[in-house]
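Chain by chain, the residues run as shown.
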Amino acid sequence: YGDGTLILSAKNTYTGDTTVHAGTLKLTDTGKLTNDAVTVKDGGTFDLSGELVTRNISIESGAFFNITGTTLTVTGLLDIQSGGTLDLVDHHERLLNLGASSQLNNNGLIIMNHADKFVTNGSNTLQVEKLSGNNGKVQMYVNIAANESDQIIVAGTATGTHRLLLTNLGNDPTGKEPALLLAQTGQSESTDTFTGDYSSGILHYVVREGRHVDGGKVNNFYLVLSNLCGTSCNYVAAQRVNAETGFQQLANLHQRVGDHRELPLELQSWARTYYHQGSEDGKRHFGHEQDTTGIQIGRELLAKSTGNGGTIRAAIAFDYAHTDADFNDRARPAEGLQRGTGSMKSESHALGGYFTHTTANGAYVNFVGQAAKLESKFTTKTRTPYDKTTQKGWRAGLSVEGGVPLWKIDNAWLLEGQTQLSYQYTKYQSFKDNTCKVGQYDAETLRGRIGARLVRDLTTAENKSLKLYGLVNVYRDFFKPEGVPIGQSDGTNVTRISERYGKSWGELGIGIQGWANKSTSVFGDLRYQHGFSSHDKGDAREGGSVNVGARFGF
């Protein structure tokens, strides 16, 4: 008990059970302990450098059992509970051999990879008679280029699921290496008993059972090159996510300032906030989900009559958007891997200019120009510990929008046709993570919209109306996403990787606008989008958005 350290440095005659409730029990290299059971509880640590002979060991959640260059004999069960850690420290030969009648049950974490070199292939081994557990993790070193690795050897049966967390030593792999043996078993319950993966640039390696490996042996598990792209998924899909954020910032006339036709000829200011949620699956196998929240503040610089019943208005606005995105690769589960590959938090600070010309009959044309500074922070989840890296860039956007009244009834109903064309150019800077380098590249997007808005004027008081409207739009992307240049960490072996998404989708929405007083109006809308393709075709799109704003005249 307690937070201190108890050191045993000689042969102990005590043969009863040993329990570490808290603090550290240290058995030095001159110490020896023989007993029936050892239990390490939450907050406790057992440091073993000497000789321990026992029947059972239990490492509970929050407990640590550290082994350094020692002799450990377990004749029964070594049980690592979820949250428990078995740390095999600084051993260059056989890391651990539990004996002929032993069973290792791993629901926690085993750390093998404190070695910084390999004597021969398989010299750093974890040997047990039986292996069991669910969602257990094992940290291992590999040297893919030299075809060397830590190794797990199970003489009998291996059951459950065990995730191999791999760290590569030496040179970057080339993709031409033979299969690397990681685990041998006498009998494996499943081809997914051991799973794991490792990325280096565009190369992605996965753990596969021997019957799925050329020249492999049944019940053994190997690290082999796959057609997955690992961390590349995040950087490729990020281009699409950032483009969607840019289109939310460009928006359209009614999203920015509401209905403009009844505005007095005095300068207006406005503020709006918006939220967009969307998900997409690419035709290849990259997908993403994003949540974007933003705020825009604008001020008119010009508002005057054209002399023939029309008006012209010009304004500037600042817009800030924050996006949280999660990335996935739907091909990964087929390799026994989690679908998610990472996440991104991005920020976009934009400054824009706006010009609107409205005619006497209510037709309008609206021009938008916008420049934005981008910063995207990635967290890669295909390796442990997670990689974190940052990409910066800038974006320029242009939009041309037009609308014309198609049908009116007594100023109570209005059907308006709309069309819009929006263009974005983005310049991304190069950056690195722990295994690859992403080069500088340019990306262009061109999106068209055609739609209609049906407006119902509900009340009128002093020519200030309350309006409710419904809308329908069809969108079309005309440019394909650019290939992202991804190579090894030294910048070699660069390959451009791209994804294709559904080009067309529809949108339905409802909105409202009304005057709070003579100088203040409020507006907002709710929209739902759905792609015209299906999940079966691998390019599905779905999402929605909420937009709320207020406009002030002074």
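A quick note: this is a predicted structure, and the numbers were derived from the prediction, not measured.

Another aspect to go through is the overall build of the chain. Each helix and strand counted, the chain has two helices and 41 strands in total. In summary, the chain has a C-alpha radius of gyration of 32 Å against a globular reference of 24 Å for 554 residues, an excess of more than 25%. In terms of its C-alpha atoms, the chain occupies a principal-axis envelope of roughly 105 × 50 × 35 Å. A buried classification covers 55% of the 554 residues belonging to the chain. Pairs at least 24 apart in sequence give 63% of the contacts found in the chain among residues at least 6 apart. In the structure as shown, the chain presents an accessible area of about 23,200 Å², 53% of it carried by carbon and sulfur atoms. For the chain, the distance from the average site of its 54 positive side-chain charges to the average site of its 57 negative ones is 7 Å.

For the rest of this paragraph, the subject is the sheet that holds strand S37 (residues 484–488). Taken in spatial order, the four strands line up as S33-S34-S37-S38 in an open sheet, and their pairing is antiparallel. The sheet terminates laterally at strand S33 (431–432) and strand S38 (495–497), the two strands that pair on one side only. When S37 meets S38, the two strands line up antiparallel, connected through three bridges. The partner of Val484 across the bridge, within S38, is Ile497.

Scanning all chains against the criterion turns up 11 aromatic pairs. Relative to Tyr354, the ring of Trp270 lies with its centre 6.0 Å away and its plane at 75°, an arrangement referred to as edge-to-face. Here Trp270, found in strand S26 (residues 268–281), pairs with Tyr354, found in strand S29 (residues 340–358); they are 84 residues apart in sequence, far enough to count as distant. Measuring from centroid to centroid gives 5.6 Å for Tyr475 and Trp505, while their planes differ by 10°, and the two rings are stacked. Remark: Trp505 occurs in strand S39 (residues 504–515) and Tyr475 occurs in strand S36 (residues 464–477); sequence separation between them is 30 residues. Its relative accessible area of 0% is what places Trp505 among the buried residues.

Right, let's get into the pattern of salt bridges. What the rule picks out here adds up to 25 salt bridges. The salt bridge involving Lys427 is made with Asp442; its shortest N-O contact spans 2.9 Å. Highlighted residues: Lys427 in strand S32 (residues 413–428) and Asp442 in strand S35 (residues 441–461), separated in sequence by 15 residues. Note on Lys427: relative accessible area 23%, which makes it partly exposed. Three or more residues joined by partner-sharing salt bridges are found here, namely Arg240, Glu244, Glu280, Arg447, Asp477 and Arg541.

Along the chain, Gln418 turns up in strand S32. Only 2.8 Å separates the side chain of Gln418 from the side chain of Glu416, close enough to count as a polar contact. Ignoring sequence-local partners within four residues, the contact set of Gln418 consists of His254, Tyr364, Glu401, Gly402, Gly403, Arg449, Ile450, Gly451 and Arg453.

On the surface, Val404, Leu406, Trp407, Ile409, Trp413 and Leu454 cluster together to form a nonpolar patch covering roughly 520 Å² of accessible area. Looking at which element gives the most residues to the nonpolar patch, the answer is strand S31 (residues 387–409), with four residues. With respect to the helices and strands, Trp407 occurs in strand S31.

The next thing to look at is the pairing of strand S11 (residues 77–80). Direction of pairing for strand S8 (residues 56–59) relative to S11: parallel, over a ladder of three bridges. Looking across to S11, one finds that Ile57 is bridged to Leu78. Pairing analysis gives four bridges linking S11 to strand S14 (residues 103–106), with the strands arranged parallel. Residue pairing for S14: Leu78 is matched across the bridge by Leu104.

Here we take up the environment of Ile59. On the secondary structure map, Ile59 appears in strand S8. Judged by relative accessible area, Ile59 falls into the buried class, the value being 0%. The spacing of Ile59 and Leu78 is 19 residues in sequence and 8.0 Å in space, taken between C-alpha atoms. Not counting residues within four places of it along the chain, the set of residues in contact with Ile59 comprises Val40, Phe64, Phe65, Leu78, Asp79, Ile80, Gln81, Gly84, Thr85 and Leu86.

The phi torsion at Asn135 lies on the positive side, around 60°, for a residue other than glycine. Residue position: Asn135 is located in the loop between strand S17 (130–132) and strand S18 (136–143). Taking relative accessible area as the criterion, Asn135 reaches 57% and is therefore assigned exposed. One non-glycine residue, Ala251, lies in positive phi territory at about 50°. In this structure Ala251 comes out as buried when scored by relative accessible area, which is 9%.

Turning to the nonpolar core, a few remarks are in order. Counting residues in each nonpolar core, the largest one holds 47 residues, and the members touching the most others are Phe46, Leu52 and Phe65. With 24 residues, the next largest nonpolar core counts Cys233, Ala325, Phe431 and Tyr501 among its residues.

What follows covers the side chain of Ser149. Note on placement: Ser149 falls in strand S19 (residues 148–149). A distance of 3.0 Å separates a polar side-chain atom of Ser149 from the backbone oxygen of Leu181.

Looking at the secondary structure, you find Leu414 in strand S32. The exposure class of Leu414 is buried, given its relative accessible area of 13%. Taking the C-alpha atoms as reference points, Leu414 and Ile67, 347 residues apart in sequence, are found 79 Å from one another. For Leu414, the residues in contact, after removing those within four places along its chain, are Arg261, Pro405, Trp407, Lys408, Arg453, Leu454 and Val455.

Turning our attention to helix H1 (residues 232–250). Taking 1.5 Å per residue, 19 residues should reach 27 Å; H1 reaches 28 Å between its end C-alpha atoms and fits that length. The largest bend in H1 amounts to roughly 30° and is located at Ala238. Counted residue by residue, H1 has 19 buried out of 19 residues, so it is predominantly covered. Looking one or two residues past H1, Ala251 carries a phi angle of roughly 50°, positive in sign.

Criteria and cut-off values
- Residues numbered from 1 in each chain as written.
- Predicted model: local features only at pLDDT ≥ 70, side-chain atom pairs only at ≥ 80, totals over all residues.
- Heavy atoms only, no water.
- Helix = DSSP H or I, 4+ residues; strand = E, 2+ residues; numbered from the N terminus.
- Rg over C-alpha atoms; globule rule 2.2 N^0.38 Å.
- Buried < 20%, exposed > 50% of the residue type's maximum accessible area, 1.4 Å probe, protein only.
- Contact = heavy atoms within 4.5 Å.
- Areas by Shrake-Rupley, 256 points an atom, 1.4 Å probe, with all protein chains shown as cover.
- Lys, Arg positive; Asp, Glu negative; His and termini not counted.
- Charge placed at Lys NZ, Arg CZ, Asp CG, Glu CD.
- Pairing = 2+ DSSP bridges.
- Phe/Tyr/Trp six-rings, centres within 6.5 Å; stacked < 30°, edge-to-face > 60°.
- Salt bridge = Lys/Arg side-chain N within 4 Å of Asp/Glu carboxyl O.
- Polar contact = N/O pair within 3.5 Å; in protein donor to acceptor, adjacent residues only side chain to side chain.
- Patch = residues over 30% accessible without salt bridge, like charges linked within 9 Å, V, L, I, M, F, W, Y side chains within 5 Å.
- Core = buried A, V, L, I, M, F, W, Y, C linked by side-chain atoms within 4.5 Å.
- Expected span 1.5 Å × (residues − 1).
- Bend = angle between axes of the 7 residues up to and from the residue.

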